[in-house]
Number of protein chains: 2
Amino acid sequence: LPQSDTAMIVAVSGGADSTALLLALDELNKVGPLSLEIFVAHLDHKIRESSAKDAKAVATLAKSLGYTPVIGRSNVAEIAATNSDNLEQAARSARYDFLQRTALRKHASYVLSGHTMDDQAETVLLRLMRGSAAAGLGGMEKQRPLEVNSKVTLVRPILWARRTETEEYCRFRNVAFLSDEMNDDEKFARVKVRKQLLPLMKTFNNRVVEALSRTATLLREDTEVLVGSAGDLLELAAVATPNSSKSKGNHRALRIDVLLSAPPALRRRALREWITTERGNVRRLEMVHLLAVERLLEKNRGGKVVELPNGGHVRRSRGQIEFVGASLRGLPPLSRKPRKIK
Amino acid sequence: LPQSDTAMIVAVSGGADSTALLLALDELNKVGPLSLEIFVAHLDHKIRESSAKDAKAVATLAKSLGYTPVIGRSNVAEIAATNSDNLEQAARSARYDFLQRTALRKHASYVLSGHTMDDQAETVLLRLMRGSAAAGLGGMEKQRPLEVNSKVTLVRPILWARRTETEEYCRFRNVAFLSDEMNDDEKFARVKVRKQLLPLMKTFNNRVVEALSRTATLLREDTEVLVGSAGDLLELAAVATPNSSKSKGNHRALRIDVLLSAPPALRRRALREWITTERGNVRRLEMVHLLAVERLLEKNRGGKVVELPNGGHVRRSRGQIEFVGASLRGLPPLSRKPRKIK
């Protein structure tokens, strides 16, 4: 990361984690090693009574340290109701949009967030219980694009720290932090993981948070290698198809014999990558659809076409599979389950 | 698996899982598709008051179906006390030894066990809480050698079944199954996973056992690919070293430049494989030792030698690392933590 003369957005909820991140950056800024232009971004999500007061507290803290606060407002409950999203999902999405807009407005290439090792462990467990594969179990990355195709990078500089350490550091700096009531509401899965699941797991291994975090790191490293090898497989299997290159120009069919001779771990990753590229997005694509496409490869099982959710289908024809377009525009949402067409 | 004219050992504790396995094999044997010579193996571990009675019940069931029971006896508690092992570990080890001996005595190449999808989920969680990497999180394999270098194969034919299904099948066949009191004793980690952790996880996802089992399968497939690629890396990095080929003949040094240019996920697997081969065993080798050897690769960090637990050390010298023998015979057990020697 650049250490000076750069604008950076620090996402501060006002909780211990993000407050500690801000205070640490501030210390490094003032002692010397860093010289960053810091903007303190906070979204007032209006879910709680006290949210306006919280926003004010964050703004006051930012100013007291000499940084510009950027306070956004979003009626998350209303948005969630309109889109029939759950509240967690709606809050998250509103927050990311706000951070993206703020970064662009302040010409900042980085948004820093205060996720800790405890958040990482919670993420791993939530994904494990959903049946994620290695990529999901790898948890949060240290750096990634803030949103798909965004040039703004989300950085998590304190993934190595425990939550209790961030609380201690705030106390050491004599700065009060907020405790979000949502953090105590066990109707949120993440809160229940924090309040019930992790404490039970600690009775097996007192350092289970560290263990989960280390496992996540190893699985991210595994995934990197496997994704690379799957890319090689994709190159090997790809054939140019002049007749299907309509608008986007890079439609490629894949040779079934090459795919079938590859190990399933690479084949499924290659298929996922292929569909994502061909279709332009990975929305609602789940393991069940990849398995359906895999079955398509075997001549005597299933049909000749697998319909994908959210647009497009994959067709088998003369030893190859090809993706048949259907841009997202104007198409009705398709069922989540893959349908087989004879 | 061979379907006829073969001797097979079925490991039957008398619980629902293994009883259902025996009954299913019996049904297939009598209806037609299978024609196997079945031996019913049961180890009386003498941990409980009722264990002799249980052994008798299994023997009676076996005979009533027309199969030969093989009942072993082992005072597991005494062995555990002598070796200061925990009871679970001692019971497991006594059971495997008994099954291995029974297979050899009956000229059977296969031992079949009644592990279910529920056992798989428990295994995954136990390993996760210990901080296992992909190989461990892959859980139990469908087939593997019963013991290291054993020609007897352990097969788990009902890993796809839920525990409740095995109970239902026993009831359907009108055969009583035993319920082991150890299965209710929450001082055993596995029992606590079954009685507390999995029920809590089910409140997040009612099909969490299926999810964990599917994740395990995917991670096993990942591991297979990664181990293969790590083997290629090992070949690439290996150099013959005439001066270190004392007794075993296949001591190989590894080129540090090749190892450093490889991704960590492959490097660590290659190092693990290399140490295992050079030393002849993987005993007590943990991630911490692999990380120490990895640090050894970087010239300016740490010393020139990493001592391994349970015998042998790795030395850096002129752009290579080599394993320096020390056969296990007669050497005192070394400390578990890797020590650095200047």
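Conventions used here
Residues numbered from 1 in each chain as written. Chains lettered and ligands numbered in written order. Predicted model: local features only at pLDDT ≥ 70, side-chain atom pairs only at ≥ 80, totals over all residues. Heavy atoms only, no water. Helix = DSSP H or I, 4+ residues; strand = E, 2+ residues; numbered from the N terminus. Buried < 20%, exposed > 50% of the residue type's maximum accessible area, 1.4 Å probe, protein only. Areas by Shrake-Rupley, 256 points an atom, 1.4 Å probe, with all protein chains shown as cover. Contact = heavy atoms within 4.5 Å. Buried area = accessible area lost by both parts, 1.4 Å probe. Salt bridge = Lys/Arg side-chain N within 4 Å of Asp/Glu carboxyl O. Polar contact = N/O pair within 3.5 Å; in protein donor to acceptor, adjacent residues only side chain to side chain. Least-squares fit on C-alpha atoms with pLDDT ≥ 70 in both. Pairing = 2+ DSSP bridges. Axes fitted to C-alpha atoms, helices over the stretch in contact; angles between N-to-C directions. Core = buried A, V, L, I, M, F, W, Y, C linked by side-chain atoms within 4.5 Å. Phe/Tyr/Trp six-rings, centres within 6.5 Å; stacked < 30°, edge-to-face > 60°. Lys NZ or Arg CZ within 6 Å of the ring centre and 35° of its normal. Expected span 1.5 Å × (residues − 1). 1 Å grid on protein atoms, 1.4 Å probe; cavity = no way out; pocket = protein on both sides within 12 Å on 5 of 7 lines; lining within 4 Å. Points joined across faces, edges and corners; volume = space filled by probe spheres on them. Parallel < 35°, antiparallel > 145°, perpendicular 65-115°, else oblique. Nonpolar A, V, L, I, M, F, W, Y, C, P; charged D, E, K, R; others polar.

J.: In this structure, what is going on with the overall build of chain A? I would like to understand it.
T.: From N to C terminus, chain A includes 12 helices and 12 strands. Each of the 342 residues in chain A was classed as buried or not, and the buried ones make up 50%. Carbon and sulfur atoms provide 51% of the accessible area of chain A, an area that totals close to 17100 Å².

J.: Even after reading the chapter, I still don't get the interface of chain B and chain A, so can you show me in this structure?
T.: When the parts of a complex come together, some accessible area is lost, and that lost area is often used as the size of the interface. Of the residues lining the interface, 37 residues belong to chain B; the matching set on chain A comes to 37 residues. On the chain B side of the interface with chain A, the three residues burying the most area are Leu128(B), Met129(B) and Phe204(B), jointly 20% of the side's total. At the boundary of chain B with chain A, the tally comes to four salt bridges. Residues Glu221(A) and Arg268(B) are paired through a salt bridge, measuring 2.3 Å at the closest nitrogen-oxygen approach. Taken together, chain B and chain A are joined by 13 residue pairs in polar contact (both at pLDDT 80 or more). Taken together, the elements giving at least two residues each to the side of chain B that touches chain A come down to α5 (117–129), α6 (134–137), α8 (189–202), α9 (208–237) and α11 (264–279) of chain B. When residues in the side of chain B that touches chain A are grouped by element, the largest group, 11 residues, is from α9(B).

J.: Even after reading the chapter, I still don't get the relation of the copies chain B and chain A, so can you show me in this structure?
T.: A rotation about some axis, followed by a shift along it, carries one copy of the chain onto the other. The transformation that overlays chain B on chain A combines an axial shift of 0.0 Å with a rotation of 180 degrees, and the residual RMSD is 0.0 Å. Put plainly, the chains are arranged around a two-fold axis. When you check the interface residues of chain B against chain A, 100% turn up at the interface there too, and the contact is symmetric in its surfaces.

J.: Can you walk me through the sheet that holds strand β5 (residues 143–145) of chain B in this structure?
T.: In any sheet, the strands associate via hydrogen bonds between backbone groups, in a parallel or an antiparallel arrangement. Residues and elements named next belong to chain B. What the six strands build is an open sheet, ordered β3-β2-β1-β4-β6-β5; its pairing is mixed. Each of the sheet's edge strands pairs with one partner strand only, and the pair in question is β3 (68–73) and β5. Direction aside, the axes of adjacent strands within the sheet are offset by 30 degrees on average. With six bridges joining them, strand β1 (residues 4–11) and strand β2 (residues 35–44) adopt parallel strand pairing. Counterpart to Ile-9 in the pairing with β2 is Phe-39. Contacting β2 and β3, helix α2 (residues 51–65) runs over the sheet at an angle of about 170 degrees to β2. On top of the sheet, helix α4 (residues 87–105) reaches β1, β2, β3, β4 (110–112), β5 and β6 (153–155); it is set at about 145 degrees to β2, its chief contact.

J.: How should the pairing of strand β11 (residues 320–324) of chain A be read in this particular structure?
T.: All names here are of chain A. Judged by how many residues are buried, β11 sits mostly within the fold: four of five residues are covered. Pairing between strand β8 (residues 252–255) and β11: two bridges, direction antiparallel. If you follow Leu-254 over to β11, its bridge partner there is Ile-321. Of the strand pairs in this sheet, strand β10 (residues 313–317) and β11 are connected by five bridges, and their pairing is antiparallel.

J.: Can you help me understand the sheet that holds strand β2 (residues 35–44) of chain A in this one?
T.: Residue and element names in this part refer to chain A. As summarised here, the arrangement of the six strands in space is β3-β2-β1-β4-β6-β5, forming an open sheet in which the pairing is mixed. Of all the strands in the sheet, just β3 (68–73) and β5 (143–145) have a single pairing partner and so form its edges. The mean angle between the axes of side-by-side strands here comes to 30 degrees, regardless of whether they run parallel or antiparallel. With six bridges connecting them, β2 and β3 associate as parallel partners. The partner of Phe-39 across the bridge, within β3, is Thr-68. Contacting β1 (4–11), β2 and β4 (110–112), helix α1 (residues 16–31) crosses the sheet at an angle of about 160 degrees to β2. The strands touched by helix α2 (residues 51–65) are β2 and β3; relative to β2, the strand with the most contacts, the crossing angle is about 170 degrees.

J.: Looking at this structure, I do not really get the nonpolar core. What am I missing?
T.: The nonpolar side chains of soluble globular proteins are, as a tendency, buried together. Residues Trp274(A), Ile321(A), Trp274(B) and Ile321(B) are the most contacted members of the largest nonpolar core, which totals 60 residues. Setting aside residues no more than four positions away along its own chain, Ile321(B) makes contact with Ala253(B), Leu254(B), Ile256(B), Leu259(B), Leu271(B), Trp274(B), Val293(B), Leu296(B), Leu297(B), Val314(B), Arg315(B) and Arg316(B). Among the nonpolar cores identified, the runner-up in size contains 38 residues, and Leu200(A), Leu212(A), Met117(B) and Val208(B) belong to it.

J.: What should I look at first to understand the pattern of salt bridges in this one?
T.: Side-chain pairing between opposite charges can occur once the charged atoms of the two side chains come close. Enumeration over the complete set of coordinates arrives at 36 salt bridges over all chains. Across the pair Arg162(A) and Glu210(A) runs a salt bridge, and its minimum N-O distance is 3.0 Å. Highlighted residues: Arg162(A) in the loop between β6 (153–155) and α7 (163–172) and Glu210(A) in helix α9 (residues 208–237), separated in sequence by 48 residues. Look at Arg162(A) and you get buried, because its relative accessible area is 15%. Across the pair Glu122(B) and Arg194(B) runs a salt bridge, and its minimum N-O distance is 2.9 Å. Here the residue Glu122(B) occupies a position in helix α5, and Arg194(B) occupies one in helix α8, the gap between them amounting to 72 residues. Judged by its relative accessible area of 0%, Glu122(B) falls in the buried class.

J.: Would you explain the packing of aromatic side chains in this entry?
T.: When we look at a pair of aromatic rings, we describe it by the centre distance and by the angle of the planes. All told, the structure shown has two aromatic pairs over all chains when counted by the stated rule. Taking NZ or CZ as reference, Lys192(A) lies 4.6 Å from the ring centre of Phe204(B), over its face.

J.: Would you mind going over α5(B) with me for this structure?
T.: Given 3.6 residues to a turn, an α-helix orients residues that are three or four positions apart in the same direction. Residue and element names in this part refer to chain B. Across its 13 residues, α5 extends 19 Å between first and last C-alpha, which sits within 8% of the 18 Å expected from 1.5 Å per residue. Along α5, 12 of the 13 residues are buried, which leaves the element largely enclosed by surrounding structure. Within the sequence span of α5, burial applies to Met-117, Asp-118, Asp-119, Gln-120, Ala-121, Glu-122, Thr-123, Val-124, Leu-125, Leu-126, Leu-128 and Met-129. Phi turns positive one or two residues past the end of α5, at Gly-131, with a value near 85 degrees.

J.: What's the story with empty space enclosed by the protein in this structure? I'm lost.
T.: With a probe scaled to a water molecule rolled over the atoms, the places where space remains empty come into view. Going through the model one piece at a time under the given rule, you end up with one cavity of 30 Å³ or more. Every residue lining the largest cavity is listed: Val124(A), Leu128(A), Leu137(A), Thr215(A), Val124(B), Leu128(B), Leu137(B), Thr215(B) and Leu219(B). Elements with a minimum of two residues in the lining of the largest cavity: α5 (117–129) of chain A together with α5 and α9 of chain B.

J.: Quick question: what am I supposed to make of unusual backbone geometry here?
T.: Comment: phi is negative for the bulk of residues other than glycine, and the bulk of peptide bonds are trans. A positive phi angle, near 65 degrees, is found at Asn174(A), a position not held by glycine. Classification of Asn174(A) by relative accessible area gives exposed; the value is 71%. Unlike most non-glycine residues, His107(B) shows phi in positive territory, near 55 degrees. Among the structural elements, His107(B) can be located in the loop between α4 and β4.

J.: What's the story with the environment of Lys63(B) in this structure? I'm lost.
T.: Take Lys63(B): it is sitting in helix α2. Separated by 224 residues in sequence, Lys63(B) and Met287(B) have C-alpha atoms that sit 48 Å apart.

J.: Honestly, the packing of α9(A) against α11(B) in this entry has me stumped. Any pointers?
T.: Two numbers describe a pair of packed helices, the interaxial angle and the distance between the axes. The N-to-C vectors of α9(A) and α11(B) enclose an angle of 105 degrees; their axes lie 8 Å apart at closest approach. Classed by the angle they form, the pair α9(A) and α11(B) counts as roughly perpendicular. Along the contact surface, α9(A) presents Leu218(A), Glu221(A), Asp222(A) and Val225(A), while α11(B) presents Pro264(B), Ala265(B), Leu266(B), Arg268(B) and Arg269(B). Its residues placed into classes, the contact of α9(A) with α11(B) shows five nonpolar, no polar and four charged.

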